[in-house]
Amino acid sequence: MTVAQLGALMPKSSIEKGVLAALVGSLLISFDPVFIRFSGTGGFDTAFLFGLFTAISMSSVIQVTDQRGLIRVMKQSGWPLIISSLLIVGSASTFVLSVKHTDVSNTMIIMSGRPVTTAAFSWLYLREKTSPALLAAIVGVIIGMGIVVSGSLESPHLLGDALALLTVIFLGLNGALLRRYPEVSRMAVVGLAGFFMALIMFFPAQPSSYTLSTWLIMGAMGLLSAPIGRVLNGVSVRYIPAAEAALITLSSTIFAPIWAFIIFREAPTSATLLGGAVVLATIFGYIQWTRKRR
């Protein structure tokens, strides 16, 4: 397929571009738990490798594709670049540690609360109005999340669930911030976050103990799927409201448990399946409704 043919397949309206970026980004991010489980290392080691490879991939792409160069891109992005990067460090670190301490389905469904935190922070910080349709969709997501959690109340996963909740808070804050400053380079944000994460996690990590397979698995995650997915999520808020983008990216909470079942035979409970179905139906119902309205 030529570049021209590929370009012809891309959406023409900015709203559809935002929706597509959010969907593809969430699909790529849904593979994160698979890479984390396959890495065979502890949470700090996984976060270190994730950050290291992400920093390498994003800085290289910026240097090659952006005429301004890496340093100038970072300077022009200003202070929001640093704040957003630190928020990503928080969300990525707590996410990795959460997957290590609880079931994939628990982590991903708890993260489905992201639209709630994003909408709340967008209202507090941006005074961005939340439409009745979006509020209804958020309620649907909360119901689905409640169904899933109700089936896991007796599981000893308190630490992992608490870390997933912190991930949601960091993601909500970052979504509102990037909505306020759309000119900030999303690649620079993800790359700088990777650098900060590798720097922080280097001290508790033990790189000398890694096997070749660990380097290869985390290289695939840190160089390709994870940073590209997060860049696409960041790009989506240039075209659609932050809370709406967060709602669409919740599709990763459905895809990730599917991969966990196929690869690790980590079978979701009936409550997880029912709650996930509610979340998925809410997401795509909202997307279809807004497209018709527009």
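Residues numbered from 1 in each chain as written. Predicted model: local features only at pLDDT ≥ 70, side-chain atom pairs only at ≥ 80, totals over all residues. Heavy atoms only, no water.

- As recorded in an unreviewed UniProt entry, the chain goes by the name DMT family transporter, listed as coming from Oceanidesulfovibrio marinus.

A word on the packing of helix α4 (residues 43-65) against helix α5 (residues 69-77)
At step 1: In contact at an axis separation of 8 Å, α4 and α5 are set at 100° when each is read in the N-to-C sense. In this view, α4 runs roughly perpendicular relative to α5, as classed from their interaxial angle. Side by side, α4 and α5 meet where S59, I62 and Q63 of the first sit next to G69, L70 and V73 of the second. (Axes fitted to C-alpha atoms, helices over the stretch in contact; angles between N-to-C directions. Helix = DSSP H or I, 4+ residues; strand = E, 2+ residues; numbered from the N terminus. Parallel < 35°, antiparallel > 145°, perpendicular 65-115°, else oblique. Contact = heavy atoms within 4.5 Å.)

Some thoughts on the nonpolar core
At step 1: Core analysis: the biggest nonpolar cluster contains 51 residues, and F48, F50, M197 and M221 have the highest contact counts within it.
At step 2: With 9 residues, the single largest contributor to this core is helix α11 (residues 186-201).
At step 3: For F48, the contacting residues outside a window of four places in its chain are A198, M201, F202, A205, P207 and Y210. (Core = buried A, V, L, I, M, F, W, Y, C linked by side-chain atoms within 4.5 Å. Buried < 20%, exposed > 50% of the residue type's maximum accessible area, 1.4 Å probe, protein only.)

Things to note about α11
At step 1: When the terminal C-alpha atoms of α11 are compared, their 22 Å separation across 16 residues agrees well with the 22 Å that a helix rising 1.5 Å per residue should span.
At step 2: Three or more residues of α11 are buried, namely R186, A188, V189, V190, G191, L192, A193, G194, F196, M197, A198 and M201. (Expected span 1.5 Å × (residues − 1).)

Here we look at the confidence of the model for the chain
At step 1: For the chain, per-residue confidence averages 78 on the pLDDT scale, and residues scoring 70 or more make up 89% of the total.
At step 2: Mean pLDDT values for the elements of the chain range from 44 in helix α1 (residues 3-9) up to 86 in α11.
At step 3: Taken together, the stretch residues 1-9 has pLDDT below 50 and engages in 2 contacts with residues farther than four places along the chain or on a different chain. (pLDDT = per-residue confidence, 0-100.)

Looking at the side chain of S91
At step 1: Within the secondary structure layout, S91 lies in helix α6 (residues 79-101).
At step 2: One polar contact links the side chain of S91 to the main-chain carbonyl oxygen of I88, over a distance of 3.0 Å. (Polar contact = N/O pair within 3.5 Å; in protein donor to acceptor, adjacent residues only side chain to side chain.)

Remarks on the packing of aromatic side chains
At step 1: One pass over the structure, following the stated rule, counts 8 aromatic pairs.
At step 2: When the centroid spacing of 6.0 Å and the interplanar angle of 50° are considered together, the rings of F195 and F196 count as tilted.
At step 3: For F195, a relative accessible area of 45% puts it in the partly exposed group.
At step 4: Aromatic side chains F255 and W259 sit 6.3 Å apart centroid to centroid with 10° between the ring planes, which places their arrangement in the stacked category. (Phe/Tyr/Trp six-rings, centres within 6.5 Å; stacked < 30°, edge-to-face > 60°.)

Digging into the environment of M108
At step 1: Following the sequence through the fold, M108 ends up in helix α7 (residues 104-110).
At step 2: We classify M108 as buried; its relative accessible area is 1%.
At step 3: In sequence terms M108 and S252 are 144 residues apart; their C-alpha atoms lie 7.4 Å from each other.
At step 4: Excluding residues that lie within four positions of it along the chain, M108 makes contacts with P33, F95, S252, T253, A256 and P257.

Section: the packing of helix α3 (residues 32-39) against α6
For any two helices packed against each other, the geometry comes down to the angle between their axes and how far apart the axes lie.
At step 1: Running from N to C, α3 and α6 cross one another at 65°; their axes reach a closest spacing of 10 Å. Relative to α6, the crossing made by α3 is right-handed. Facing D32, P33, I36, R37 and S39 of α3, the residues of α6 in contact are F95, V96, V99 and K100.
At step 2: Taken together, the residues of the contact of α3 with α6 break down into 5 nonpolar, 1 polar and 3 charged. (Left-handed = near helix turned anticlockwise from the far one by under 90°. Nonpolar A, V, L, I, M, F, W, Y, C, P; charged D, E, K, R; others polar.)

Some words on helix α2 (residues 14-29)
At step 1: Look at α2: 22 Å from first C-alpha to last across 16 residues, which is about the 22 Å you get at 1.5 Å a residue.
At step 2: Every buried residue of α2 is accounted for by G18, V19, A21, A22, G25, S26 and I29. Viewed end-on, α2 has its buried residues packed into an arc of 160°, placing them on one side of the element. (Arc of directions from axis to C-beta.)

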